[in-house]
Amino acid sequence: MANRTRDIPIQFFVTSEEKKMIRKKMILSKTANMGAYLRKMAIDGIIINTDTTYLEKQFFEMHKIGVNVNQLARLASDDEMKDFAYISKKLDEISLAIDSLNLWVDKTAGEQGLNLDLLNAEKEKLK
């Protein structure tokens, strides 16, 4: 206790009702230490509490975005690009197969005398 930075005691007396009021205001100010609360009030006369819950939510959302960016960066690494190239190649093959199938359907429909306008309208609905 000899190494205290605050070595001058100040005492004052209060009633039990005043002590309850001081404690209630201390709790509302979110200060856990009675000495710290009384010093702050005696020196500054006011304690301002700021609501930072919206900032915490914003930081949480930014963290989620950062996680998503990291996942995308991981996907873009050299090892994963091989998989991306493979998937892209397969999608191109599927697209070519769909185009070929559409040509076959158009040719068959024309040979069978089917209504091509009706067929094309149905194709547009599927897009």
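Residues numbered from 1 in each chain as written. Predicted model: local features only at pLDDT ≥ 70, side-chain atom pairs only at ≥ 80, totals over all residues. Heavy atoms only, no water.

Draft legend 1. Just the overall build of the chain, in detail. Within the chain, the secondary structure is distributed over five helices and zero strands. Ordering the α and β elements of the chain from the N terminus gives α-α-α-α-α. In the chain, which comprises 127 residues, the proportion classed as buried is 4%. In the chain, 6% of the contacts between residues at least 6 apart in sequence involve partners at least 24 apart. Split by element, the accessible area of the chain, about 12000 Å² in all, is 61% carbon and sulfur. (Helix = DSSP H or I, 4+ residues; strand = E, 2+ residues; numbered from the N terminus. Buried < 20%, exposed > 50% of the residue type's maximum accessible area, 1.4 Å probe, protein only. Contact = heavy atoms within 4.5 Å. Areas by Shrake-Rupley, 256 points an atom, 1.4 Å probe, with all protein chains shown as cover.)

Draft legend 2. Up close: the side chain of Ser29. The topology assignment puts Ser29 in the loop between helix 1 (16–28) and helix 2 (34–44). Residue Ser29 is classed as buried on the basis of its relative accessible area of 8%. A polar contact of 2.7 Å, which involves the side chain of Ser29, links it to the backbone oxygen of Met26. (Polar contact = N/O pair within 3.5 Å; in protein donor to acceptor, adjacent residues only side chain to side chain.)

Draft legend 3. A look at the pattern of salt bridges. One pass over the structure, following the stated rule, counts three salt bridges. In this structure, Lys64 engages Glu61 in a salt bridge whose closest nitrogen and oxygen atoms are separated by 3.5 Å. A residue pair is termed a helical-turn pair when its members lie 3 or 4 positions apart in one helix, as Lys64 and Glu61 do in helix 3 (residues 53–75) at three residues. A relative accessible area of 37% means that Lys64 is categorised as partly exposed. Residue classification places Glu61 among the partly exposed positions, given a relative accessible area of 39%. (Salt bridge = Lys/Arg side-chain N within 4 Å of Asp/Glu carboxyl O.)

Draft legend 4. A look at the packing of helix 1 against helix 2. Contact geometry for helix 1 and helix 2: axes closest at 10 Å, N-to-C directions at 90°. As judged from the angle between their axes, helix 1 and helix 2 are roughly perpendicular. Facing helix 1, whose interface residues are Ile22, Arg23, Lys25 and Met26, helix 2 presents Met34, Tyr37 and Leu38. (Axes fitted to C-alpha atoms, helices over the stretch in contact; angles between N-to-C directions. Parallel < 35°, antiparallel > 145°, perpendicular 65-115°, else oblique.)

Draft legend 5. Layout of a nonpolar patch on the surface. Together, Tyr86, Ile87, Leu91, Ile94 and Ile98 give the surface a local cluster of nonpolar side chains, amounting to about 520 Å² of exposed area. Of note, Tyr86 is situated in helix 4 (residues 78–112). For Tyr86, a relative accessible area of 52% corresponds to the exposed category. (Patch = residues over 30% accessible without salt bridge, like charges linked within 9 Å, V, L, I, M, F, W, Y side chains within 5 Å.)

Draft legend 6. Representation of helix 2 in the model. Two to three positions downstream of the cap, the backbone nitrogen of Gly35 sits 2.7 Å from a side-chain oxygen, assigning the N-cap of helix 2 to Asn33. Once helix 2 ends, the next one or two residues include Gly45, with phi positive near 80°.

Draft legend 7. Main features of unusual backbone geometry. Backbone geometry at Lys30 places phi at a positive 60°, although glycine is not the residue there. Relative to the elements of secondary structure, Lys30 occurs in the loop between helix 1 and helix 2. Residue Lys30 is classed as exposed on the basis of its relative accessible area of 72%.

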